[in-house]
Amino acid sequence: MAKQKYDFDLIVLGSGGGGSVAALIAASSGKHVAMVEPDALGGECPNYGCVPTKSLLHAAEIYDAAKRGQQFGIRSGTLTYNYPSLKAWKDLAVERTGSDEGRRLYEAEGIKIIEGLAHFISPHEVTVNRRHYSAENFLIATGSHNFIPPIERLDKTGYITFKEAVNLTRPPKSLFIVGAGAIGCEFAELFSIFGTKVHLADITPRILSREDEEVSELVRDTFEQERGMNVMTNTKVLRVTKEGLAKRVHFQQGHSEKSVKVDEVLITTGKLANVDIGLENAGVDYTPRGISTNEFMQTSARHIYAAGDVVGPYNYTHTAIYQSRLAANNLLHKQKIAADYRAIPRVIFLNPEVASVGLSEDECIKHDMRIRKAVAPIAIIGRANASNVERGFVKVITDNKGILIGASIVSPHAGEVIHELTLAIQMRMSAQDVATTIHAFPTWSEAVRIACSKVARM
Ligand SMILES: Cc1cc2nc3c(=O)[nH]c(=O)nc-3n(C[C@H](O)[C@H](O)[C@H](O)COP(=O)(O)OP(=O)(O)OC[C@H]3O[C@@H](n4cnc5c(N)ncnc54)[C@H](O)[C@@H]3O)c2cc1C
(Lines give C-alpha, C1' and ligand atoms only; values in the text may rest on other atoms or scores of the structure.)
Protein backbone atom coordinates (compact mmCIF):
# COMPACT_ATOMS: atom_id res chain seq x y z
CA MET A 1 0.00 0.00 0.00
CA ALA A 2 1.43 3.35 -1.11
CA LYS A 3 0.32 5.07 2.11
CA GLN A 4 2.55 2.90 4.29
CA LYS A 5 5.53 3.19 1.96
CA TYR A 6 6.01 6.94 2.36
CA ASP A 7 6.32 9.48 5.19
CA PHE A 8 3.70 11.73 3.56
CA ASP A 9 1.02 11.62 0.88
CA LEU A 10 2.22 14.97 -0.43
CA ILE A 11 5.31 17.10 0.11
CA VAL A 12 5.05 20.69 -1.14
CA LEU A 13 8.28 22.55 -1.88
CA GLY A 14 7.73 26.26 -1.19
CA SER A 15 5.03 28.08 0.82
CA GLY A 16 4.13 30.87 -1.67
CA GLY A 17 0.82 31.04 -3.53
CA GLY A 18 1.97 28.21 -5.78
CA GLY A 19 2.56 25.84 -2.87
CA SER A 20 0.36 26.80 0.07
CA VAL A 21 -3.00 26.65 -1.70
CA ALA A 22 -2.53 23.04 -2.85
CA ALA A 23 -1.14 22.09 0.58
CA LEU A 24 -4.30 23.40 2.28
CA ILE A 25 -6.66 21.76 -0.23
CA ALA A 26 -4.88 18.40 0.03
CA ALA A 27 -4.76 18.54 3.84
CA SER A 28 -8.44 19.44 4.11
CA SER A 29 -9.18 16.42 1.91
CA GLY A 30 -7.53 14.19 4.48
CA LYS A 31 -4.07 13.87 2.95
CA HIS A 32 -0.97 13.76 5.14
CA VAL A 33 0.93 16.85 3.93
CA ALA A 34 4.31 18.47 4.62
CA MET A 35 5.39 21.89 3.31
CA VAL A 36 9.09 22.76 3.07
CA GLU A 37 10.15 26.41 3.30
CA PRO A 38 13.64 27.87 3.90
CA ASP A 39 12.50 31.50 4.23
CA ALA A 40 9.48 33.48 5.49
CA LEU A 41 6.22 31.54 5.24
CA GLY A 42 3.98 32.83 2.46
CA GLY A 43 6.75 33.31 -0.10
CA GLU A 44 7.65 36.38 -2.12
CA CYS A 45 4.27 38.10 -2.54
CA PRO A 46 3.37 38.97 1.07
CA ASN A 47 6.93 39.30 2.37
CA TYR A 48 8.99 40.97 -0.38
CA GLY A 49 6.86 41.60 -3.48
CA CYS A 50 3.19 42.51 -3.91
CA VAL A 51 2.28 43.62 -0.38
CA PRO A 52 5.34 45.80 0.42
CA THR A 53 5.29 47.48 -3.00
CA LYS A 54 1.55 48.10 -2.97
CA SER A 55 1.54 49.46 0.57
CA LEU A 56 4.35 51.90 -0.31
CA LEU A 57 2.60 52.82 -3.57
CA HIS A 58 -0.62 53.42 -1.64
CA ALA A 59 1.17 55.97 0.56
CA ALA A 60 2.78 57.52 -2.52
CA GLU A 61 -0.62 57.84 -4.20
CA ILE A 62 -2.05 59.72 -1.20
CA TYR A 63 0.94 62.07 -1.13
CA ASP A 64 0.66 62.66 -4.86
CA ALA A 65 -3.09 63.28 -4.68
CA ALA A 66 -2.62 65.73 -1.81
CA LYS A 67 -0.01 67.63 -3.87
CA ARG A 68 -2.56 67.94 -6.69
CA GLY A 69 -5.44 68.86 -4.38
CA GLN A 70 -5.25 72.56 -5.14
CA GLN A 71 -6.98 72.14 -8.52
CA PHE A 72 -10.09 71.04 -6.56
CA GLY A 73 -9.86 73.84 -4.00
CA ILE A 74 -8.02 71.83 -1.37
CA ARG A 75 -5.19 73.66 0.34
CA SER A 76 -2.74 72.43 2.91
CA GLY A 77 0.18 74.00 4.69
CA THR A 78 3.55 72.53 3.95
CA LEU A 79 2.96 69.05 2.65
CA THR A 80 5.71 66.68 3.57
CA TYR A 81 6.39 63.02 4.32
CA ASN A 82 8.38 61.02 6.81
CA TYR A 83 9.93 58.05 5.07
CA PRO A 84 10.76 56.00 8.21
CA SER A 85 7.05 56.24 9.15
CA LEU A 86 6.14 55.21 5.63
CA LYS A 87 8.41 52.20 5.96
CA ALA A 88 6.81 51.41 9.33
CA TRP A 89 3.40 51.43 7.59
CA LYS A 90 4.79 49.03 4.97
CA ASP A 91 6.17 46.77 7.73
CA LEU A 92 2.77 46.73 9.43
CA ALA A 93 1.05 45.75 6.16
CA VAL A 94 3.60 42.93 5.69
CA GLU A 95 3.18 41.79 9.28
CA ARG A 96 -0.60 41.74 8.90
CA THR A 97 -0.42 39.35 5.94
CA GLY A 98 1.03 37.20 8.63
CA SER A 99 3.65 34.45 8.41
CA ASP A 100 2.80 33.48 11.99
CA GLU A 101 -0.91 33.54 11.36
CA GLY A 102 -0.19 31.38 8.30
CA ARG A 103 1.77 28.89 10.40
CA ARG A 104 -1.18 28.52 12.80
CA LEU A 105 -3.53 27.95 9.86
CA TYR A 106 -1.31 25.29 8.28
CA GLU A 107 -0.72 23.53 11.57
CA ALA A 108 -4.44 23.57 12.37
CA GLU A 109 -4.97 21.73 9.07
CA GLY A 110 -2.38 19.17 10.15
CA ILE A 111 0.29 20.33 7.67
CA LYS A 112 3.83 19.71 8.89
CA ILE A 113 6.09 22.70 8.24
CA ILE A 114 9.69 21.69 7.55
CA GLU A 115 12.19 24.56 7.64
CA GLY A 116 14.99 24.39 5.09
CA LEU A 117 15.82 23.84 1.42
CA ALA A 118 14.50 20.67 -0.16
CA HIS A 119 16.61 18.76 -2.66
CA PHE A 120 15.45 15.67 -4.57
CA ILE A 121 17.60 12.61 -4.12
CA SER A 122 15.22 10.20 -5.89
CA PRO A 123 11.76 10.41 -7.52
CA HIS A 124 10.03 9.91 -4.15
CA GLU A 125 12.54 11.43 -1.73
CA VAL A 126 13.94 14.81 -0.73
CA THR A 127 16.52 15.86 1.81
CA VAL A 128 16.07 18.90 4.03
CA ASN A 129 18.92 19.76 6.41
CA ARG A 130 20.36 16.27 5.87
CA ARG A 131 17.11 14.56 6.89
CA HIS A 132 15.26 12.40 4.35
CA TYR A 133 11.53 12.71 3.71
CA SER A 134 9.56 10.58 1.27
CA ALA A 135 6.15 11.11 -0.31
CA GLU A 136 3.82 9.54 -2.82
CA ASN A 137 3.34 12.90 -4.55
CA PHE A 138 5.20 16.20 -4.68
CA LEU A 139 4.31 19.73 -5.68
CA ILE A 140 7.25 21.91 -6.68
CA ALA A 141 6.51 25.61 -6.09
CA THR A 142 9.99 26.98 -5.44
CA GLY A 143 9.38 30.31 -7.19
CA SER A 144 12.05 32.39 -8.88
CA HIS A 145 15.08 34.54 -8.16
CA ASN A 146 16.42 37.75 -9.67
CA PHE A 147 18.18 37.66 -13.01
CA ILE A 148 21.22 39.93 -12.71
CA PRO A 149 22.54 40.86 -16.18
CA PRO A 150 26.27 40.65 -16.90
CA ILE A 151 27.13 44.32 -16.33
CA GLU A 152 30.83 45.00 -15.87
CA ARG A 153 31.89 45.87 -12.28
CA LEU A 154 28.26 45.77 -11.06
CA ASP A 155 29.10 43.27 -8.35
CA LYS A 156 32.04 45.31 -7.07
CA THR A 157 30.20 48.64 -7.15
CA GLY A 158 27.05 47.25 -5.59
CA TYR A 159 23.38 47.49 -6.45
CA ILE A 160 19.97 46.85 -4.95
CA THR A 161 17.07 44.61 -6.00
CA PHE A 162 13.39 44.80 -5.06
CA LYS A 163 14.16 43.19 -1.68
CA GLU A 164 16.37 46.10 -0.60
CA ALA A 165 14.31 48.73 -2.44
CA VAL A 166 11.25 48.11 -0.25
CA ASN A 167 13.37 48.42 2.88
CA LEU A 168 15.22 51.69 2.27
CA THR A 169 15.02 54.10 5.16
CA ARG A 170 14.90 57.08 2.81
CA PRO A 171 14.49 57.41 -0.95
CA PRO A 172 17.77 57.89 -2.83
CA LYS A 173 18.38 61.37 -4.28
CA SER A 174 18.95 59.77 -7.67
CA LEU A 175 18.33 56.24 -8.91
CA PHE A 176 19.19 54.34 -12.08
CA ILE A 177 16.70 51.53 -12.72
CA VAL A 178 17.87 48.83 -15.12
CA GLY A 179 14.81 47.13 -16.62
CA ALA A 180 11.50 48.86 -17.41
CA GLY A 181 9.05 45.99 -16.99
CA ALA A 182 6.19 46.09 -14.48
CA ILE A 183 8.42 45.95 -11.38
CA GLY A 184 10.92 48.54 -12.67
CA CYS A 185 8.08 50.91 -13.59
CA GLU A 186 6.35 50.54 -10.21
CA PHE A 187 9.58 51.45 -8.39
CA ALA A 188 10.19 54.32 -10.82
CA GLU A 189 6.73 55.70 -9.97
CA LEU A 190 7.20 55.19 -6.23
CA PHE A 191 10.56 56.89 -5.86
CA SER A 192 9.87 59.71 -8.32
CA ILE A 193 6.77 60.69 -6.30
CA PHE A 194 9.03 61.01 -3.24
CA GLY A 195 11.44 63.28 -5.09
CA THR A 196 14.07 60.88 -6.41
CA LYS A 197 15.54 61.77 -9.81
CA VAL A 198 14.83 58.52 -11.66
CA HIS A 199 16.67 57.27 -14.74
CA LEU A 200 14.76 54.31 -16.18
CA ALA A 201 16.55 52.27 -18.85
CA ASP A 202 15.61 49.25 -20.94
CA ILE A 203 17.36 47.43 -23.75
CA THR A 204 14.07 47.00 -25.67
CA PRO A 205 12.58 49.72 -27.93
CA ARG A 206 9.83 50.56 -25.43
CA ILE A 207 9.07 50.37 -21.73
CA LEU A 208 6.51 47.76 -20.60
CA SER A 209 7.33 45.97 -23.83
CA ARG A 210 4.88 43.11 -23.15
CA GLU A 211 1.98 45.56 -23.24
CA ASP A 212 0.34 47.15 -26.28
CA GLU A 213 2.23 50.03 -27.84
CA GLU A 214 -0.42 52.60 -26.78
CA VAL A 215 0.13 51.57 -23.15
CA SER A 216 3.91 51.91 -23.35
CA GLU A 217 3.63 55.31 -25.01
CA LEU A 218 1.14 56.70 -22.52
CA VAL A 219 3.12 55.48 -19.49
CA ARG A 220 6.36 56.86 -20.94
CA ASP A 221 4.72 60.19 -21.61
CA THR A 222 3.32 60.35 -18.05
CA PHE A 223 6.69 59.37 -16.58
CA GLU A 224 8.51 62.06 -18.56
CA GLN A 225 5.95 64.89 -18.45
CA GLU A 226 4.46 64.47 -14.99
CA ARG A 227 7.13 62.67 -13.00
CA GLY A 228 10.22 64.26 -14.56
CA MET A 229 11.92 60.91 -15.21
CA ASN A 230 14.66 60.29 -17.69
CA VAL A 231 13.30 57.32 -19.69
CA MET A 232 15.79 55.61 -21.98
CA THR A 233 14.89 52.76 -24.35
CA ASN A 234 17.21 50.87 -26.75
CA THR A 235 19.74 51.41 -23.96
CA LYS A 236 22.28 48.80 -22.93
CA VAL A 237 23.96 49.26 -19.56
CA LEU A 238 27.64 48.38 -19.97
CA ARG A 239 29.27 48.95 -16.59
CA VAL A 240 28.92 50.65 -13.25
CA THR A 241 31.86 52.35 -11.56
CA LYS A 242 32.40 54.00 -8.18
CA GLU A 243 32.63 57.78 -7.94
CA GLY A 244 33.19 58.71 -4.31
CA LEU A 245 30.06 57.54 -2.48
CA ALA A 246 28.09 57.68 -5.71
CA LYS A 247 27.95 55.36 -8.73
CA ARG A 248 28.44 56.11 -12.40
CA VAL A 249 26.35 54.07 -14.84
CA HIS A 250 27.83 53.74 -18.33
CA PHE A 251 25.44 52.82 -21.12
CA GLN A 252 25.25 52.51 -24.86
CA GLN A 253 22.60 54.19 -27.02
CA GLY A 254 23.03 53.52 -30.73
CA HIS A 255 26.72 54.00 -31.44
CA SER A 256 27.40 56.42 -28.61
CA GLU A 257 28.42 55.64 -25.05
CA LYS A 258 27.08 57.89 -22.29
CA SER A 259 27.10 57.91 -18.50
CA VAL A 260 25.19 59.31 -15.57
CA LYS A 261 26.11 59.70 -11.89
CA VAL A 262 23.56 58.40 -9.37
CA ASP A 263 23.24 57.49 -5.70
CA GLU A 264 21.92 53.99 -6.28
CA VAL A 265 21.34 51.35 -8.97
CA LEU A 266 18.24 49.13 -8.89
CA ILE A 267 18.19 45.98 -11.02
CA THR A 268 14.74 44.85 -12.22
CA THR A 269 15.66 42.81 -15.28
CA GLY A 270 13.38 39.83 -14.66
CA LYS A 271 13.34 36.56 -12.79
CA LEU A 272 14.71 33.04 -13.29
CA ALA A 273 12.98 29.86 -12.09
CA ASN A 274 14.40 28.16 -8.97
CA VAL A 275 15.20 24.80 -10.57
CA ASP A 276 18.45 23.94 -8.78
CA ILE A 277 16.75 21.36 -6.55
CA GLY A 278 18.01 18.01 -7.86
CA LEU A 279 15.37 17.65 -10.56
CA GLU A 280 17.59 15.20 -12.47
CA ASN A 281 17.38 12.78 -9.52
CA ALA A 282 13.58 12.88 -9.72
CA GLY A 283 13.28 12.58 -13.51
CA VAL A 284 11.69 16.02 -13.85
CA ASP A 285 12.36 17.79 -17.17
CA TYR A 286 13.10 21.50 -17.14
CA THR A 287 14.69 24.25 -19.18
CA PRO A 288 16.35 27.47 -17.98
CA ARG A 289 12.85 29.03 -18.31
CA GLY A 290 11.41 26.66 -15.74
CA ILE A 291 9.86 23.28 -15.13
CA SER A 292 7.94 21.82 -18.07
CA THR A 293 4.43 20.60 -17.23
CA ASN A 294 1.46 19.33 -19.17
CA GLU A 295 -1.88 21.17 -19.05
CA PHE A 296 -2.70 19.37 -15.76
CA MET A 297 0.43 20.80 -14.04
CA GLN A 298 2.10 17.37 -14.09
CA THR A 299 5.84 17.23 -14.74
CA SER A 300 7.58 14.53 -16.78
CA ALA A 301 7.58 12.47 -13.54
CA ARG A 302 3.78 12.06 -13.37
CA HIS A 303 3.56 11.89 -9.56
CA ILE A 304 5.32 15.28 -9.29
CA TYR A 305 3.35 18.45 -10.02
CA ALA A 306 4.63 22.02 -10.33
CA ALA A 307 3.00 25.46 -10.01
CA GLY A 308 3.79 29.17 -9.86
CA ASP A 309 6.84 31.16 -10.99
CA VAL A 310 8.90 27.98 -11.30
CA VAL A 311 6.59 27.01 -14.19
CA GLY A 312 5.43 30.31 -15.71
CA PRO A 313 4.35 31.50 -18.24
CA TYR A 314 3.01 34.38 -16.11
CA ASN A 315 4.76 35.43 -12.89
CA TYR A 316 1.79 36.56 -10.82
CA THR A 317 0.40 35.50 -7.49
CA HIS A 318 -3.01 34.85 -9.00
CA THR A 319 -1.56 32.51 -11.66
CA ALA A 320 0.49 30.71 -9.00
CA ILE A 321 -2.69 30.24 -6.93
CA TYR A 322 -4.67 29.12 -10.01
CA GLN A 323 -2.05 26.54 -10.96
CA SER A 324 -1.78 25.37 -7.35
CA ARG A 325 -5.55 24.80 -7.25
CA LEU A 326 -5.39 22.86 -10.52
CA ALA A 327 -2.49 20.75 -9.26
CA ALA A 328 -4.41 19.92 -6.07
CA ASN A 329 -7.54 18.96 -8.00
CA ASN A 330 -5.62 16.84 -10.51
CA LEU A 331 -3.67 15.13 -7.77
CA LEU A 332 -6.77 14.34 -5.72
CA HIS A 333 -9.38 13.55 -8.36
CA LYS A 334 -9.65 11.30 -11.39
CA GLN A 335 -11.42 14.02 -13.35
CA LYS A 336 -8.55 16.29 -14.34
CA ILE A 337 -8.89 20.01 -15.13
CA ALA A 338 -6.65 21.55 -17.80
CA ALA A 339 -5.05 24.98 -17.39
CA ASP A 340 -6.69 27.74 -19.42
CA TYR A 341 -4.62 30.92 -19.76
CA ARG A 342 -6.97 32.85 -22.07
CA ALA A 343 -8.10 35.30 -19.43
CA ILE A 344 -5.24 36.10 -17.04
CA PRO A 345 -5.53 39.72 -15.83
CA ARG A 346 -2.29 41.69 -15.48
CA VAL A 347 -2.12 44.88 -13.42
CA ILE A 348 0.65 47.45 -13.08
CA PHE A 349 0.07 49.70 -10.09
CA LEU A 350 0.86 53.14 -11.49
CA ASN A 351 -1.21 56.29 -11.54
CA PRO A 352 -3.16 55.93 -13.78
CA GLU A 353 -3.26 52.16 -13.34
CA VAL A 354 -2.47 49.84 -16.22
CA ALA A 355 -4.39 46.60 -16.66
CA SER A 356 -4.67 44.11 -19.47
CA VAL A 357 -6.12 40.68 -20.16
CA GLY A 358 -5.99 38.12 -22.92
CA LEU A 359 -4.04 38.68 -26.12
CA SER A 360 -2.12 41.85 -26.91
CA GLU A 361 -2.28 43.27 -30.42
CA ASP A 362 1.35 42.19 -31.02
CA GLU A 363 0.49 38.61 -30.09
CA CYS A 364 -2.49 38.66 -32.50
CA ILE A 365 -0.22 39.95 -35.28
CA LYS A 366 2.40 37.29 -34.49
CA HIS A 367 -0.26 34.57 -34.78
CA ASP A 368 -1.52 36.09 -38.03
CA MET A 369 -5.01 36.51 -36.57
CA ARG A 370 -7.74 38.60 -38.19
CA ILE A 371 -8.90 40.98 -35.50
CA ARG A 372 -10.97 44.08 -34.87
CA LYS A 373 -9.96 46.69 -32.33
CA ALA A 374 -11.30 49.93 -30.89
CA VAL A 375 -10.06 52.49 -28.42
CA ALA A 376 -12.21 54.70 -26.17
CA PRO A 377 -10.25 57.63 -24.68
CA ILE A 378 -11.00 57.95 -20.99
CA ALA A 379 -11.42 61.72 -21.35
CA ILE A 380 -14.79 61.31 -23.14
CA ILE A 381 -16.60 59.81 -20.13
CA GLY A 382 -18.40 61.71 -17.41
CA ARG A 383 -16.27 60.34 -14.58
CA ALA A 384 -13.08 61.68 -16.18
CA ASN A 385 -14.65 65.12 -16.36
CA ALA A 386 -15.72 64.97 -12.71
CA SER A 387 -12.23 63.87 -11.64
CA ASN A 388 -10.24 66.03 -14.07
CA VAL A 389 -8.50 63.03 -15.68
CA GLU A 390 -7.31 63.43 -19.24
CA ARG A 391 -4.88 60.56 -19.74
CA GLY A 392 -6.04 57.02 -20.38
CA PHE A 393 -8.09 54.76 -22.59
CA VAL A 394 -9.81 51.42 -22.91
CA LYS A 395 -8.75 49.30 -25.86
CA VAL A 396 -10.58 46.11 -26.80
CA ILE A 397 -9.67 43.45 -29.35
CA THR A 398 -12.07 40.89 -30.82
CA ASP A 399 -11.69 38.08 -33.33
CA ASN A 400 -13.29 38.54 -36.73
CA LYS A 401 -16.63 37.31 -35.32
CA GLY A 402 -16.67 39.97 -32.62
CA ILE A 403 -15.72 37.66 -29.71
CA LEU A 404 -13.56 39.47 -27.15
CA ILE A 405 -9.99 38.13 -26.98
CA GLY A 406 -7.94 40.94 -25.45
CA ALA A 407 -8.12 44.30 -23.70
CA SER A 408 -5.90 46.98 -22.22
CA ILE A 409 -6.96 49.75 -19.88
CA VAL A 410 -5.06 52.77 -18.64
CA SER A 411 -7.24 54.66 -16.17
CA PRO A 412 -7.87 55.18 -12.48
CA HIS A 413 -8.93 51.82 -10.97
CA ALA A 414 -8.03 49.94 -14.18
CA GLY A 415 -7.08 46.96 -12.00
CA GLU A 416 -10.71 46.69 -10.89
CA VAL A 417 -12.34 47.66 -14.20
CA ILE A 418 -10.41 44.94 -16.11
CA HIS A 419 -12.37 42.15 -14.40
CA GLU A 420 -15.50 42.80 -16.43
CA LEU A 421 -13.49 42.12 -19.59
CA THR A 422 -11.71 39.19 -17.92
CA LEU A 423 -15.08 37.55 -17.28
CA ALA A 424 -16.25 38.37 -20.81
CA ILE A 425 -13.14 36.75 -22.34
CA GLN A 426 -13.36 33.77 -20.02
CA MET A 427 -17.02 33.23 -20.99
CA ARG A 428 -16.30 33.82 -24.72
CA MET A 429 -18.68 36.77 -24.82
CA SER A 430 -18.93 39.20 -27.71
CA ALA A 431 -18.19 42.92 -27.61
CA GLN A 432 -21.90 43.36 -28.40
CA ASP A 433 -22.79 41.51 -25.14
CA VAL A 434 -20.77 44.02 -23.12
CA ALA A 435 -21.93 47.00 -25.19
CA THR A 436 -25.61 46.20 -24.50
CA THR A 437 -25.04 45.77 -20.74
CA ILE A 438 -26.08 48.81 -18.70
CA HIS A 439 -23.10 50.51 -17.03
CA ALA A 440 -23.62 52.95 -14.17
CA PHE A 441 -23.04 56.65 -14.77
CA PRO A 442 -20.54 58.15 -14.02
CA THR A 443 -18.06 55.25 -13.63
CA TRP A 444 -14.71 54.45 -15.24
CA SER A 445 -16.32 51.26 -16.58
CA GLU A 446 -18.39 53.32 -19.00
CA ALA A 447 -15.29 53.54 -21.19
CA VAL A 448 -15.41 49.72 -21.47
CA ARG A 449 -18.97 49.89 -22.81
CA ILE A 450 -18.02 52.61 -25.28
CA ALA A 451 -14.95 50.73 -26.58
CA CYS A 452 -17.05 47.56 -26.94
CA SER A 453 -19.85 49.33 -28.78
CA LYS A 454 -17.29 50.90 -31.14
CA VAL A 455 -15.76 47.53 -32.01
CA ALA A 456 -19.20 45.85 -32.25
CA ARG A 457 -20.21 48.35 -34.94
CA MET A 458 -17.21 47.45 -37.17
C1 LIG B 1 8.53 43.57 -6.36
C2 LIG B 1 7.49 42.59 -6.78
C3 LIG B 1 6.16 42.97 -6.84
C4 LIG B 1 5.19 42.04 -7.23
N5 LIG B 1 3.90 42.45 -7.30
C6 LIG B 1 2.94 41.58 -7.70
C7 LIG B 1 1.59 41.97 -7.74
O8 LIG B 1 1.25 43.11 -7.44
N9 LIG B 1 0.66 41.05 -8.12
C10 LIG B 1 1.01 39.78 -8.48
O11 LIG B 1 0.14 38.98 -8.83
N12 LIG B 1 2.31 39.38 -8.44
C13 LIG B 1 3.27 40.24 -8.06
N14 LIG B 1 4.57 39.83 -7.99
C15 LIG B 1 4.90 38.44 -8.38
C16 LIG B 1 4.58 37.44 -7.25
O17 LIG B 1 5.28 37.80 -6.09
C18 LIG B 1 4.99 36.02 -7.69
O19 LIG B 1 4.49 35.74 -8.96
C20 LIG B 1 4.43 34.99 -6.71
O21 LIG B 1 4.92 35.22 -5.40
C22 LIG B 1 4.82 33.57 -7.16
O23 LIG B 1 4.42 32.65 -6.20
P24 LIG B 1 5.21 31.25 -6.09
O25 LIG B 1 4.51 30.47 -5.06
O26 LIG B 1 5.39 30.66 -7.43
O27 LIG B 1 6.66 31.66 -5.62
P28 LIG B 1 7.15 32.36 -4.25
O29 LIG B 1 6.10 33.18 -3.63
O30 LIG B 1 8.46 32.98 -4.58
O31 LIG B 1 7.37 31.10 -3.29
C32 LIG B 1 8.39 30.17 -3.50
C33 LIG B 1 8.92 29.75 -2.17
O34 LIG B 1 9.74 28.61 -2.36
C35 LIG B 1 10.80 28.66 -1.44
N36 LIG B 1 11.88 27.78 -1.94
C37 LIG B 1 12.84 28.06 -2.84
N38 LIG B 1 13.63 27.01 -3.02
C39 LIG B 1 13.16 26.02 -2.22
C40 LIG B 1 13.55 24.67 -1.96
N41 LIG B 1 14.58 24.12 -2.57
N42 LIG B 1 12.83 23.97 -1.07
C43 LIG B 1 11.76 24.50 -0.44
N44 LIG B 1 11.35 25.75 -0.65
C45 LIG B 1 12.04 26.51 -1.54
C46 LIG B 1 11.16 30.14 -1.39
O47 LIG B 1 11.83 30.46 -0.20
C48 LIG B 1 9.81 30.80 -1.51
O49 LIG B 1 9.27 31.16 -0.26
C50 LIG B 1 5.57 40.72 -7.58
C51 LIG B 1 6.91 40.34 -7.52
C52 LIG B 1 7.86 41.25 -7.12
C53 LIG B 1 9.28 40.83 -7.06
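Up top is the structure these notes are about.
Residues numbered from 1 in each chain as written. Predicted model: local features only at pLDDT ≥ 70, side-chain atom pairs only at ≥ 80, totals over all residues. Heavy atoms only, no water.

Trainee: How do you make sense of unusual backbone geometry when you look at a structure like this?
Mentor: Phi is mostly negative for residues that are not glycine, and the peptide bonds are mostly trans. Cis rather than trans, the peptide bond between Gly 312 and Pro 313 has omega equal to 0°. Tracing the sequence through the fold places Pro 313 in the loop between strand E18 (304-306) and helix H12 (317-332). The residue after Asn 351, namely Pro 352, is reached through a cis peptide bond having omega 5°. Structurally, Pro 352 can be placed in the loop between strand E19 (346-348) and strand E20 (353-358). Phi at Arg 130 takes a positive value of approximately 70°, unusual for a residue other than glycine. Counting through the fold element by element, Arg 130 comes out in the loop between strand E5 (125-128) and strand E6 (131-140). Unlike most non-glycine residues, Asn 234 shows phi in positive territory, near 50°. Assessed through its relative accessible area of 46%, Asn 234 is described here as partly exposed. (Helix = DSSP H or I, 4+ residues; strand = E, 2+ residues; numbered from the N terminus. Buried < 20%, exposed > 50% of the residue type's maximum accessible area, 1.4 Å probe, protein only.)

Trainee: Looking at this structure, I do not really get the state of the cysteines. What am I missing?
Mentor: Such a bond, covalent and formed between the sulfur atoms of two cysteines, is termed a disulfide. One pass over the full model with this rule turns up one disulfide. Bridging Cys 45 to Cys 50, the disulfide has an S-S length of 2.3 Å. Between Cys 45 and Cys 50, the S-S torsion sits near -130°, and that sign places the bridge as left-handed. Under the relative-accessibility criterion, Cys 50 is labelled partly exposed at 27%. The thiol of Cys 185 is not disulfide-bonded; the next cysteine sulfur, from Cys 50, is found 17 Å away. In this structure Cys 185 comes out as buried when scored by relative accessible area, which is 0%. Lacking any disulfide linkage, Cys 364 is separated from the closest cysteine sulfur, that of Cys 452, by 15 Å. Residue classification places Cys 364 among the buried positions, given a relative accessible area of 0%. (Disulfide = S-S within 2.5 Å.)

Trainee: Sorry if this is basic, but what is going on with helix H10 (residues 213-225) here?
Mentor: Spacing of three or four residues puts side chains on the same side of an α-helix, whose turn is 3.6 residues. Between the first and last C-alpha of H10 there are 18 Å, a value that for 13 residues agrees with the 18 Å anticipated at 1.5 Å per step. If you check which residues of H10 are buried, you get Val 215, Ser 216, Leu 218, Val 219, Thr 222 and Phe 223. Buried-residue contacts for H10 involve helix H9 (182-193), strand E9 (197-201), strand E10 (230-232), E20, strand E22 (393-399) and strand E23 (404-411). (Expected span 1.5 Å × (residues − 1). Contact = heavy atoms within 4.5 Å.)

Note that every value here comes from positions in space, so none of it alone points to a role or purpose.
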